[in-house]
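Listed below, chain by chain, are the residues.
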Amino acid sequence: MTSAPKPNLLDPITPLWWGTIVLRWMTLAFALGAVIVHFDEYRNLALAWAAWAAMLVWSVVTTAAFVRVRTRYAGLVVADVVVTCGIMLLSPLALSDYQFAITAPLLTTVWASVAPLTAGARFGAIGGAVGGLIVAVSTGVARWKFDLDVARDGLLLFASGTIIGMAATTARRSQAVVSRALRAEAATAERERLARSIHDSVLQVLARVRRRGAELGGEAAELAKQAGEQEIALRALVTTEPLASSDGDADLRASLGVLATSRVQVSGPASEVRLPADTVDELLTAVKEALSNVDKHAGEGAKAWVLLEELSDEIVLTVRDDGPGIPEGRLEAAAEEGHIGVAQSIRGRLAELGGTARLETAPGAGTEWEMHLPRPADRRRDTR
């Protein structure tokens, strides 16, 4: 089967980055106006102009980098906060006492508000909050005091960085959900195409062999039985959803579906049961071992049922057959002889996953495996 094409989706944070770029140039223009308005008040006018020139150069550098997804480096965002604070801390050398007395703007003015926003866009809510806090502290240090104005500016810097970070995180999570949905849709379309193709060729041949062999009887009937089992397995394979996804999860319900044959009935919830792919592999192997035991010891006419239940805090797998059951003392005798056997293998697999497996059997009553696996806290269903 050919792999489904990956959807070409844009970076969901790009509009936020463009917003920071536009805001950076708008605030740079405001900083230029501040220098012009307070032209004759600076203690060191040359330093004020040098600071504005540095802001201009840094605006060009960050704009060139942040317009491209591949150049939005984490180190450059950290440097953005450092450069902003560095220019701001030059204010005591450039501003006069009169400017400090009238609470004139620092060298960076509102240009300093952009760095926490880029930190939030790149690192999320925590990064934006830390960036805003660092710039806020630098504001207090540059003014050599802590008053209502400094507290107000600090709160705005902290809050803006946090809010942008939360928006960026939400956008990334939403993008991941949409991406998974598009991949699943593309894979389902490809699977349906293959199902139609197989139905028109292989499945029709198998169905014809099954019907004709049953009519002829004898050895042909045995071939018909095998053809019927292959038909059921192939139908299950082409009608189940893709088993694994790129995020490392797999659908346990779909994985179990391929085990269905004329002797094995598989039942489960209507929705997906997603678990880590390695966990699904271990559970699938445990179920296969239980079914293999049915083939070996329950006889050719025995049937088996596999039931998957998804509860709020655990996954329950039940494998039951209508065979003769296991004679009393058989498992204990095998253990004393040093044979680990399927029972211990299944219990061991569940124990490694943090779950349990219980076997119930009696002569003439068949066997039943009941496997319990706790769901991780972040994957538990809300049943309220």
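Here is what the cut-offs are and how they apply
- Residues numbered from 1 in each chain as written.
- Predicted model: local features only at pLDDT ≥ 70, side-chain atom pairs only at ≥ 80, totals over all residues.
- Heavy atoms only, no water.
- Phe/Tyr/Trp six-rings, centres within 6.5 Å; stacked < 30°, edge-to-face > 60°.
- Helix = DSSP H or I, 4+ residues; strand = E, 2+ residues; numbered from the N terminus.
- Buried < 20%, exposed > 50% of the residue type's maximum accessible area, 1.4 Å probe, protein only.
- Pairing = 2+ DSSP bridges.
- Axes fitted to C-alpha atoms, helices over the stretch in contact; angles between N-to-C directions.
- Contact = heavy atoms within 4.5 Å.
- Expected span 1.5 Å × (residues − 1).
- Parallel < 35°, antiparallel > 145°, perpendicular 65-115°, else oblique.
- Left-handed = near helix turned anticlockwise from the far one by under 90°.
- Nonpolar A, V, L, I, M, F, W, Y, C, P; charged D, E, K, R; others polar.
- pLDDT = per-residue confidence, 0-100.

**Considerations on the packing of aromatic side chains**
Evaluation of the coordinates by the stated rule reveals one aromatic pair. Ring geometry for Trp 17 versus Phe 66: centroids 4.8 Å apart, planes at 45°, classification tilted. Remark: Phe 66 occurs in helix H2 (residues 45–66) and Trp 17 occurs in helix H1 (residues 14–37); sequence separation between them is 49 residues. The residues Trp 17 and Phe 66 share a single accessibility class, namely buried.

**Brief notes about the sheet that holds strand S2 (residues 264–267)**
The five strands are arranged S2-S4-S5-S7-S6 in an open sheet whose pairing can be described as mixed. Because the sheet does not close on itself, it has two edges, and the strands there are S2 and strand S6 (356–361). Averaged over neighbouring strand pairs, the angle between their axes works out to 10° when direction is ignored. By the bridge criterion, four bridges tie S2 to strand S4 (residues 304–310) in an arrangement that is parallel. In the sheet register, Ser 267 faces S4, and the bridge partner there is Leu 307. Across the face of the sheet, helix H12 (residues 277–297) comes into contact with S2, S4, strand S5 (314–321) and strand S7 (367–374) while running at roughly 15° to S5.

**As for H12**
With 21 residues, H12 should reach 30 Å at 1.5 Å per residue; the first-to-last C-alpha distance of 30 Å fits that figure. Of the residues making up H12, those classed as buried are Thr 279, Val 280, Leu 283, Leu 284, Ala 286, Val 287, Glu 289, Ala 290, Leu 291 and Val 294. Immediately downstream of H12, the backbone of Gly 299 shows phi near 95°, a positive value.

**A closer look at the packing of H1 against H2**
With their axes 10 Å apart at the nearest point, H1 and H2 run at an angle of 170° to one another. Between H1 and H2, the interaxial angle falls into the category roughly antiparallel. In this structure, H1 crosses over H2, and the sense of that crossing is left-handed. Judged by residue contacts, Trp 17, Ile 21, Arg 24, Trp 25, Leu 28, Ala 31, Leu 32, Val 35 and Ile 36 of H1 engage Trp 49, Trp 52, Met 55, Leu 56, Trp 58, Ser 59, Val 60, Thr 62, Thr 63 and Phe 66 from H2. In terms of residue class, the contact of H1 with H2 is built from 15 nonpolar, three polar and one charged.

**Thoughts on unusual backbone geometry**
You will see that Thr 103, though not glycine, has its phi angle at about 55°, which is positive. Residue placement: Thr 103 occurs in the loop between helix H5 (97–101) and helix H6 (114–123). With a phi angle near 60°, Trp 144 is a residue other than glycine that sits in the positive phi range. The topology assignment puts Trp 144 in the loop between helix H7 (125–143) and helix H8 (148–199).

**Observations concerning the confidence of the model for the protein chain**
Any segment with low pLDDT has predicted coordinates that should not be analysed in fine detail. In the predicted model, the protein chain carries a mean pLDDT of 82, and 82% of its residues have values of at least 70. Low pLDDT, under 50, characterises residues 1–9; the predicted model gives this stretch 13 contacts beyond four residues in sequence or across chains.

**With respect to the packing of helix H3 (residues 74–88) against H6**
Where H3 meets H6, the closest approach of the two axes is 9 Å, and the angle between their N-to-C directions is 160°. Between H3 and H6, the interaxial angle falls into the category roughly antiparallel. Once H3 is placed against H6, the crossing between them reads as left-handed. Note on element contacts: H6 touches H3 through Ala 115, Thr 118, Ala 119, Arg 122 and Phe 123, opposite Ala 74, Val 77, Val 78, Asp 80, Val 81 and Thr 84. Residue composition of the contact of H3 with H6, grouped by class: seven nonpolar, two polar and two charged.

**Describing the side chain of Asp 80**
Along the polypeptide, Asp 80 turns up in helix H3. Those residues in contact with Asp 80 that sit more than four places away from it in its chain are Arg 24, Trp 58, Thr 62, Phe 66, Ala 115 and Thr 118.

**Description of the environment of Ile 315**
Looking at the element boundaries, Ile 315 is found in strand S5. Along the chain, Ile 315 and Met 371 lie 56 residues apart, while their C-alpha atoms are 8.0 Å from each other. Those residues in contact with Ile 315 that lie beyond four places of it in its chain are Leu 252, Val 273, Leu 275, Leu 308, Glu 309, Glu 310, Met 371, His 372, Leu 373 and Arg 375.

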